[in-house]
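Given next are the chains, with one letter for each unit.
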Amino acid sequence: MQNAHALKARFAALIFLLGALSGPATAQLNPQRPDAAVILHRMEKLDVVGSVLYIAAHPDDENTKLIAWLANGKKVRTGYLSLTRGDGGQDLLGPELGDALGVIRTEELMAARRIDGGEQFFTRASDFGYSKSAEESFAKWGKEKMLDDVVRVIRTFRPDVIITRFPPTREAGHGHHEASAILAREAFDLAGDPKVFPEQLKQGLEVWQPRRLFFNGSTWWKKDLAEFAKTDADWHTVDVGGFDPLLGLSYTELAGRSRSMHKSQGFGAAETRGQQLEFLHFEKGDKPTGDDIFGGVDMTWARVNDAQEVQQDVTALIAAYDVSAPEKSVEALSQLAAAVDALPASRWKDHTRKLINGLLLDATGTVVEAIADAPQVVTGDSVKVALNIITRSASPVTVSGKTDVPLTNNTPWTMPVGLKAPVTPDQPYWLEQPHGNMFTVNDPALIGLPVTPTELQVGFALKFQGGATVTGKTPVIYRSVDRVKGELEQYCEVVPPVSLFASPYVFMVKDTNAMAHFGVEAFTDLPKAELICELVAGWDFKPARQELGSMKEGERLGATLNVVPQGAKNRALPYLRMDVGHAGPTNLTRRVIDYDHIPKRSWYTRATFCAVPIDVKVNAKRVGYIMGAGDDVPQALEQLGLTVDLIDPKTALPATLANYDAIVLGIRAYNTDNALKSLNPMLMDFVKNGGTLVVQYNTRSSDMVLPDTLIGPYPFSITRDRVTVEEAPPTFLDPTNSLMNTPNKITPKDFDDWVQERGLYFLGNLDPRYTPLIAWNDPGEQPLNGALVTCDYGKGRYVYTGISFFRQLPAGVPGAYRLFANLISRRNAQ
């Protein structure tokens, strides 16, 4: 496995490079072919020998305006190092949280870089949620491990300039933000020291000392930054709003498209035009000469040993380029390739050769694709693949092999290829092992990479006019046509023979005997299928083994287990597996991420379910749920034996609302559904007539369909207050309130074993008619009382909560279920 990973890592850079500046923001795997002007733009990058690494904490922290300007205006090699994959955040697209959200946000960052021309890197840090200090972040991650990763990326990418998005102080706000700046400053000094992380040098890296470090200031940090910058000579101002005639876009238009890839976070951005100033403060290193942040840094081939011929060839290549006939540059590109090949080994040599390879393909209109006849192949099975190559110019291109095959202009050449799938499925490399606050990555060659290429690859070698050869591997893809969306592409994935999944995953066991339900999906014909459940002390699962018979490819069967707690007081996580008589793992649950703006991706977890013993009473029977940004709370409420109906706010009427004991609004509902503006008066009438309305957290932002002062029966405001320490002890402010007693007596024990946080976006400026029920605080801070607020209104009850039920309920936290059962209870019920 280690060797396979190392091999994949070597091909990763080429694939990411060829994806840069892909054009439209679609999930097409093959980038849009560049036009003649863009080819010239890419040629001009060969003339700039310099690089910049931007460092921040999360996906969407990066300044895409600055990255687009650096990569396309200054034409320096530009990278973004995000400490985390954003897996601890929220999701505006759907219910994905945790690792699933990390997969989405990783792909969103890669989509952004394909547009703005940057490259993407990560550390091994998992986003454990909001942090209020760098100290807390380092305590969870381990500062030395984080420094190891940041130094590794610096030594790998070898930037001349490092830019941080945040200051290394509490002014950064989020503790992860502060930590990113501290790590950048320390790694700046350490990356050039051979005594620091010497094992990296044994693994093939070399020390590297960046020239200078800047802090990219912003008006969120200081409102009057433009005036403030005039008082300090170390502030440098750059205009990132310039227009690039070769791209036909300003850098800020490019940046707007790039930032809009962060769709899970609701960061759609305008494609602005005109002057846009960015402010960079010199922090350490050698000071720039003049106003240019690169002043004093040699950005030419003169900095590379024995590269005089390369510089001459690059200059001649650009000067002779014919925009009406890019293929005329092929011989010059071949000459340049030979000069680069003659250079001593270096990472800049490798990077330049990859640029040249891409230009040879682009200038001749050459496309290399490996097309599978199926969207997936099962571990150990074979798949038929067609290696398709076409060149669309008069410049000769030859397929190299045992027998060279000259290609005919604009005539496809196809070679059938039989591939056998490995015995392990495609899996994001950082999720291959169980993890805590740091992902486990056994192969150091993978640390820093955003993803690795898929398991299925087809090699190729092409020879161009002038003698240059381009070798590489192309991922195997599957192509289809949708009548509405048009041509669609996805990676041909390696999948296990079968997937097991619990429905639901968390199973709250209220009684002494309950039934758990499972699905079994076959990805190939299976001669037999036997479901096996392991034994867990204190629990009895019957039957432990059950025959399901043979299965056909694509067939899905159901199975049940009788779950009997035998005095168990703790949750059980019994592992499941199948005996199917086929190669490959049979103990996995396949999870699929499928959104239009990013490639379809699968990831896998061990097949299990979570059985949780719970003592809970419920006096409501029917609940209506209005979805917001997306969560799994409705499925969790069904665990309480409730009938839960999803309500469409566009068509809801008072008569239909009256059928429910309680109505619950999903997270960020007032941020995401315009229909709530007209529905809100009906919801208030529902409460006035005796109903219970529970509103989960919203954010106070420009996308709210109503001002926060108007969404409840009486005024309040939504703040940014939150409690991030999940163990923070609660203080009951009104312990006799019925919501704390009926039908379940809530005690401090109900707040044990919570995950990630207590809550977020609490209320403030409460009208006196509201009653706050719980106060919490993070260490060293004042108590906050806006997490759970209620009032009587007419005959009914209104509840607003910033408690993170959307995390606690899917995680099977018993106390969260007991408290939520109280919140949806009928006001007059005993």
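Moving on: empty space enclosed by the protein. Over the atoms rolls a probe the size of a water molecule, and its path tells where empty space is left. For the coordinates displayed, the defined rule picks out four cavities of 30 Å³ or more. What the largest cavity holds in volume is close to 180 Å³. At the level of secondary structure, the elements contributing two or more residues to the lining of the largest cavity comprise α4 (99-116) and β29 (601-606). Here the lining of the largest cavity takes three residues from α4, the largest share from any one element. Residue classes in the lining of the largest cavity are distributed as six nonpolar, five polar and five charged.

Moving on to the packing of aromatic side chains. Enumeration according to the criterion identifies 22 aromatic pairs in this entry. Here the aromatic rings of Tyr714 and Tyr770 are separated by 6.0 Å at their centres, their planes lie at 75 degrees, and the arrangement is edge-to-face. Pair noted here: Tyr714 is in the loop between β34 (692-696) and β35 (717-718) and Tyr770 is in the loop between β39 (763-764) and β40 (771-772), with a separation of 56 residues, a long-range link. When sorted by exposure, Tyr714 lands in the same class as Tyr770, which is buried. A network of ring pairs unites the aromatic residues Tyr714, Phe716, Tyr770, Tyr793, Tyr798 and Tyr800 as a single cluster.

Summary statistics for the protein chain give a mean pLDDT of 93 and a share of 96% for residues scoring 70 or more. Confidence over residues 1-27 falls short of pLDDT 50; this stretch has 66 contacts with residues more than four positions distant or in other chains.

A few words on the sheet that holds strand β20 (residues 498-502). Ordered by their spatial adjacency, four strands build an open sheet running β20-β22-β26-β24, and the pairing between neighbours is antiparallel. The two strands at the open ends of the sheet, each matched to only one other strand, are β20 and β24 (539-542). Neighbour-to-neighbour, the strand axes of this sheet turn through a mean angle of 30 degrees, independent of strand direction. The sheet contact formed by β24 and strand β26 (residues 556-565) spans four bridges and is antiparallel. Bridging from a neighbouring strand, Lys542 pairs with Asn562 of β26.

A few words now on the nonpolar core. One recurring pattern in soluble globular proteins is that nonpolar side chains are buried together. Membership of the largest hydrophobic core comes to 81 residues, with the highest contact counts inside it found for Ile663, Leu665, Tyr670, Leu683, Tyr798 and Phe820. Leave out the neighbours within four places in its chain, and Leu665 touches Tyr625, Ile626, Tyr670, Leu676, Leu683, Leu693, Val694, Val695 and Gln696. Membership of the second largest hydrophobic core comes to 52 residues, among which are Leu317, Val377, Leu387 and Val417.

For the rest of this paragraph, the subject is helix α7 (residues 175-190). Taking 1.5 Å of rise per residue, the 16 residues of α7 would be expected to cover 22 Å, and the 22 Å separating its terminal C-alpha atoms lies within 8% of that figure. The buried count for α7 comes to twelve of 16 residues, which makes it a mostly enclosed element. Of the residues making up α7, those classed as buried are Gly175, His176, His177, Glu178, Ala179, Ser180, Ala181, Ile182, Leu183, Ala184, Ala187 and Phe188. Looking at the packing, one finds that the buried side of α7 touches β1 (51-56), α5 (134-141), α6 (143-157), β4 (161-164), β5 (212-217) and β9 (277-285).

Across the interface, helix α12 (residues 330-341) lies against helix α13 (residues 347-363) with an axial gap of 10 Å and an inter-helix angle of 165 degrees. As summarised for this structure, α12 and α13 are arranged roughly antiparallel, according to the angle between their axes. Where α12 crosses over α13, the two elements pack in a sense that is left-handed. Contacts between α12 and α13 involve Val330, Leu333, Ser334, Leu336, Ala337, Val340 and Asp341 from the first element and Lys349, Thr352, Arg353, Ile356, Leu359, Leu360 and Ala363 from the second. A breakdown of the residues in the contact of α12 with α13 according to their chemical character gives nine nonpolar, two polar and three charged.

In total, this model carries zero disulfides according to the counting rule given. Just so you know, Cys533 is unpaired, no disulfide at all, and the nearest cysteine sulfur is the one on Cys610, 13 Å from it. Looking at Cys533, the relative accessible area reads 6%, which means it is buried.

The topology assignment puts Arg212 in strand β5. Classification of Arg212 by relative accessible area gives buried; the value is 0%. Reaching out from Arg212, the side chain makes a polar contact with the backbone oxygen of Ile293 at a distance of 2.7 Å. There is a polar contact of 2.9 Å between the side chain of Arg212 and the backbone oxygen of Gly295.

Let us now look at α12. Over its twelve residues, α12 extends 16 Å from the first C-alpha to the last, a length consistent with the 16 Å expected when each residue adds 1.5 Å. Those residues of α12 that fall on the buried side of the exposure criterion are Val330, Leu333, Ser334, Leu336, Ala337, Ala339 and Val340.

Attention shifts here to the pattern of salt bridges. Two side chains of opposite charge can pair, provided their charged atoms sit close to one another. Summed over the entire model, instances satisfying the criterion amount to 40 salt bridges. The salt bridge involving Lys75 is made with Glu44; its shortest N-O contact spans 3.5 Å. Here Lys75 is found in the loop between α3 (64-73) and β2 (77-82), whereas its partner Glu44 is found in helix α2 (residues 36-45), with 31 residues between them in sequence. Residue class for Glu44 comes out partly exposed when judged on its relative accessible area of 24%. The salt bridge partner of Arg257 is Glu271, with a shortest N-O separation of 3.2 Å. Of this pair, Arg257 sits in helix α10 (residues 251-259) while Glu271 is found in the loop between α10 and β9, placing the two residues 14 residues apart along the sequence. Look at Glu271 and you get partly exposed, because its relative accessible area is 33%. Bridged by salt links that share partners, the residues Glu369, Arg479, Glu487 and Glu489 form one connected network.

Another point: the environment of Ser258. Here Ser258 lies in helix α10. With 143 residues separating them along the chain, Ser258 and Ile115 place their C-alpha atoms 5.5 Å apart. Those residues in contact with Ser258, other than ones at most four positions away along the chain, are Thr64, Ala112, Arg113, Ile115 and Asp116. Among the polar contacts listed, one links the side chain of Ser258 to the side chain of Asp116, at a separation of 2.7 Å.

We now examine the sheet that holds strand β3 (residues 119-122). Pairing within the open sheet is mixed, and its seven strands lie in the order β3-β2-β1-β4-β5-β9-β6. Since the sheet does not close on itself, it has two edges, and those belong to β3 and β6 (235-239), each with one partner. The sheet shows a mean angle of 30 degrees between the axes of neighbouring strands, taken without regard to direction. Bridge analysis of β2 against β3 gives four bridges, and the strand direction is parallel. Paired with Tyr80 across the two strands is Gln120, which belongs to β3. Where α4 meets the sheet, its contacts fall on β2 and β3, and the angle it forms with β3 comes to roughly 155 degrees. In the packing of α6 onto the sheet, contacts are made with β1, β2, β3 and β4, and the angle to β1 comes to roughly 160 degrees.

Interaxial distance between α6 and α7 falls to 9 Å at its minimum, and their mutual angle equals 60 degrees. Classed by the angle they form, the pair α6 and α7 counts as oblique. Remark: the crossing between α6 and α7 carries right-handed chirality. Here Lys143, Met146, Leu147, Val150, Val151, Ile154 and Arg155 of α6 come into contact with α7, specifically with Ile182, Leu183, Glu186, Ala187, Phe188 and Leu190.

Procedures and definitions
Residues numbered from 1 in each chain as written. Predicted model: local features only at pLDDT ≥ 70, side-chain atom pairs only at ≥ 80, totals over all residues. Heavy atoms only, no water. 1 Å grid on protein atoms, 1.4 Å probe; cavity = no way out; pocket = protein on both sides within 12 Å on 5 of 7 lines; lining within 4 Å. Points joined across faces, edges and corners; volume = space filled by probe spheres on them. Helix = DSSP H or I, 4+ residues; strand = E, 2+ residues; numbered from the N terminus. Nonpolar A, V, L, I, M, F, W, Y, C, P; charged D, E, K, R; others polar. Phe/Tyr/Trp six-rings, centres within 6.5 Å; stacked < 30°, edge-to-face > 60°. Buried < 20%, exposed > 50% of the residue type's maximum accessible area, 1.4 Å probe, protein only. pLDDT = per-residue confidence, 0-100. Contact = heavy atoms within 4.5 Å. Pairing = 2+ DSSP bridges. Axes fitted to C-alpha atoms, helices over the stretch in contact; angles between N-to-C directions. Core = buried A, V, L, I, M, F, W, Y, C linked by side-chain atoms within 4.5 Å. Expected span 1.5 Å × (residues − 1). Parallel < 35°, antiparallel > 145°, perpendicular 65-115°, else oblique. Left-handed = near helix turned anticlockwise from the far one by under 90°. Disulfide = S-S within 2.5 Å. Polar contact = N/O pair within 3.5 Å; in protein donor to acceptor, adjacent residues only side chain to side chain. Salt bridge = Lys/Arg side-chain N within 4 Å of Asp/Glu carboxyl O.

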